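Listed here are the chains, written in short residue letters.
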Amino acid sequence: MVSMSVEFPCESAPSTVVKGLNSGDRGHNMLVQPECPRYRPLRAHMQVTITIAVVMATLFAAGRDVPPGRPPKHLRKFHSAAVESMLANYTARMPDKNLSTLFTNCFPNTLDTTVMEASANESFIITGDIPAMWLRDSTNQVLPYIPLMLKDAALQSMIRGVVMRQLRSVLIDSYANSYNKSPRSPDAGEHQSDCRLPPMNLRLFEGKYELDSLCAVLKLTYHYVNTSGDTELLTTEHHLFLRAVDVILTTMENQSMSTEMQAGNVPYRFYRVDAPWEIDAYPNRPVADTGLIRSAFRPSDDQTLYDFLVPSNAMAHVELGHVIELLEMLVHSAGEGGELPPSVEGAPHPVQLVARAHEKREFVLGGLRAYAIHCEPHRPTPSSCRFAYEVDGFNHSNVMDDPNVPGLLSLPYLGFRHLPDIVLATRDWVLSNRNPYYYCGSLGCGLGSPHTLPGYIWPMGLIVEAFTSHDATHVKSLLHLLVESGLYNGFMRESFNPNDAMLPGSRPWFAWANTMFGALIVNIGERFPQLIFG
């Protein structure tokens, strides 16, 4: 039996006991202080965006054509000659008008609508309908453009600025998932009422600790440097990269400690005073010593049921390998005649960081092997064992998947190459009615999420399914379903109704999903050109 009493950095007020999710049978309640400053209601401009999308849907529904949706040139936030050239090259060869229009709308959507600032030193990319920069979203929003940046100096400069902004954000607060452009931004006070350790501050839009956000920073840094050859980024600004990696590794190490090892010294605590029905006080369950890394929240920003989010740990394993490559690049370049970079303003030696990253990476893989695999005792078949979505190390597991990335379906997309039989069995289970969030309708089937309405499926899940499929016929059917979903407003929404795609879904302006769809078209054009070009 574990008992925890946690005080939050809120204003002085009478304490209230809040039970964690199903915590009554575990004997641990959270002592919180509920009186924090209130925040403003939902922004009006989000409702305006949704209203415009519904009007567009009505206008174009009768013709059943994908409506054109790019902003006029003078209203686009960023121009890339390389992206425009690729659009022209692809659409000129695409006989399917709807697919061509959808690709034209979606692929440049991040550039057209979300680049609020762009320079080699700092770029700020909002997620779409929320005027803040998520680490995870911004990484995925610009990743599809990385193969094109060698042909476009302005594009490379903008992406470099995203990397720099992300590294600085980690130093601001490694437990946050999203950041304001500045403390003076109009929406800077949105979630300041959250009771949290570390405390909220006006540079943070939201302070949810999500392991995959840290992995996203490592991922974008790796792919930018590896493609561009811009190794100067690794040593600039008083070794910003080394200092950020040090903070990321420290956060991962601290979040790998069991409840018993923490002994009440909890580095991250969270409680949303304004929505206690939505989010339980965190931490709310004990976890074992597994080698895995905790994540308080999922990529959907929903709270985890159990702390060890399996797909995020698989992503951590992959990205720790990538950061080791970058660190060894520094060591080897110095060995060719230069001195290793000294510690500057707290930046550790890269050799020390390599050792820590190697150790954490091996612990994570060991934890995935030992604790993340769920077997069905009443189904003695080769496919009866698969990855759970979340575990706690005490033989409790949450068996589901979510269409966000990282998710179990996206493990091959993330580059996770271990336990291939388990990964395949997991995919088969995820894409079946045994998964409580796999939904079917008259238009087709796909992954849904507890984050959105029951029965609604996510284009992002369909996109990941297509990326990870080797069957051209199956990919063709997924493309058809994605085009059906795009008839509503010409873009990829967060979710839609698989019985009637013309009904409003959620988040009609979701730049990550849009750009990811564009990347899928480029990918299919390389793997199955007959599906795109006829």
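Heads up: these notes are all about the structure in this document. (Residues numbered from 1 in each chain as written. Predicted model: local features only at pLDDT ≥ 70, side-chain atom pairs only at ≥ 80, totals over all residues. Heavy atoms only, no water.)

## As for the overall build of the chain
Part 1 of the argument: Check the secondary structure of the chain and you find 17 helices and 16 strands.
Part 2 of the argument: When burial is assessed residue by residue, the chain has 61% of its 534 residues classed as buried.
Part 3 of the argument: The contacts in the chain between residues at least 6 apart in sequence include a share of 71% that link residues at least 24 apart.
Part 4 of the argument: With the model as given, the accessible surface of the chain reaches about 20,500 Å², and the carbon-plus-sulfur share is 55%. (Helix = DSSP H or I, 4+ residues; strand = E, 2+ residues; numbered from the N terminus. Buried < 20%, exposed > 50% of the residue type's maximum accessible area, 1.4 Å probe, protein only. Contact = heavy atoms within 4.5 Å. Areas by Shrake-Rupley, 256 points an atom, 1.4 Å probe, with all protein chains shown as cover.)

## Some points on the pattern of salt bridges
Part 1 of the argument: For the structure on display, the rule yields 23 salt bridges.
Part 2 of the argument: The closest approach of N and O atoms between Asp 301 and Arg 136, which form a salt bridge, is 3.1 Å. Here Asp 301 is found in the loop between strand E9 (269-271) and strand E10 (308-309), whereas its partner Arg 136 is found in helix H5 (residues 135-142), with 165 residues between them in sequence.
Part 3 of the argument: Looking at Arg 136, the relative accessible area reads 2%, which means it is buried.
Part 4 of the argument: Arg 160 is the salt-bridge partner of Asp 230, the closest N and O atoms lying 2.8 Å from each other. One end of the pair, Asp 230, is in the loop between helix H7 (211-228) and helix H8 (236-254); the other, Arg 160, is in helix H6 (residues 153-172), with 70 residues separating them in the sequence. Neither Asp 230 nor Arg 160 differs from the other in exposure class; each is buried.
Part 5 of the argument: In this structure, a network of salt bridges that share partners links the residues Arg 136, Asp 137, Glu 210, Asp 212 and Asp 301. (Salt bridge = Lys/Arg side-chain N within 4 Å of Asp/Glu carboxyl O.)

## Here we look at the sheet that holds E10
Part 1 of the argument: With antiparallel pairing, the three strands of this open sheet are ordered in space as E10-E13-E14. Each edge of the sheet is formed by a strand with only one pairing partner; in this case those strands are E10 and strand E14 (397-398).
Part 2 of the argument: When E10 meets strand E13 (residues 390-391), the two strands line up antiparallel, connected through two bridges. What sits directly across from Leu 309, in E13, is Glu 390. (Pairing = 2+ DSSP bridges.)

## Brief notes about the sheet that holds strand E8 (residues 204-206)
Part 1 of the argument: The three strands are arranged E5-E6-E8 in an open sheet whose pairing can be described as antiparallel. At either margin of the open sheet sits one strand with a lone partner, and together these are strand E5 (133-134) and E8.
Part 2 of the argument: Pairing of E5 with strand E6 (residues 178-179) involves two bridges; the strand directions are antiparallel. Counted as the bridge partner of Trp 134 is Ser 178 from E6.

## Digging into the nonpolar core
Part 1 of the argument: Of all hydrophobic cores here, the largest spans 142 residues; its most connected members are Leu 155, Met 158, Ile 159, Phe 387 and Phe 517.
Part 2 of the argument: With 11 residues, the top contributor of residues to this core is helix H10 (residues 310-335).
Part 3 of the argument: Ignoring any residue separated from it by four or fewer positions in sequence, one finds Met 158 in contact with Phe 78, Leu 111, Val 115, Ala 118, Ser 119, Ser 123, Ile 125 and Val 142. (Core = buried A, V, L, I, M, F, W, Y, C linked by side-chain atoms within 4.5 Å.)

## A look at H8
Part 1 of the argument: In this model, H8 (19 residues) spans 27 Å end to end at C-alpha, consistent with the 27 Å of a helix rising 1.5 Å per residue.
Part 2 of the argument: By the largest-angle criterion, Arg 243 marks the main kink of H8, which is about 30 degrees.
Part 3 of the argument: Buried within H8 we find His 239, Leu 240, Phe 241, Leu 242, Arg 243, Ala 244, Val 245, Asp 246, Ile 248, Leu 249, Thr 251 and Met 252. (Expected span 1.5 Å × (residues − 1). Bend = angle between axes of the 7 residues up to and from the residue.)

## Quick notes on the state of the cysteines
Part 1 of the argument: Counted by the stated rule, this structure contains two disulfides.
Part 2 of the argument: Each disulfide pairs two cysteine sulfurs, and for Cys 375 the partner residue is Cys 385, the sulfurs being separated by 1.9 Å. Disulfide Cys 375-Cys 385: the torsion about the S-S bond is 115 degrees, which places it as right-handed. Of this pair, Cys 375 sits in strand E11 (residues 373-375) while Cys 385 sits in strand E12 (residues 385-387), placing them 10 residues apart in sequence.
Part 3 of the argument: Overall, the relative accessible area of 22% leaves Cys 385 in the partly exposed class.
Part 4 of the argument: Residue pairing for Cys 440: its cysteine sulfur links by disulfide to Cys 445, the two sulfurs lying 1.9 Å apart. Sign of the S-S torsion, about 110 degrees for the bond between Cys 440 and Cys 445, identifies this disulfide as right-handed.
Part 5 of the argument: Exposure remark for Cys 440: the relative accessible area of 49% places this residue in the partly exposed category. (Disulfide = S-S within 2.5 Å.)

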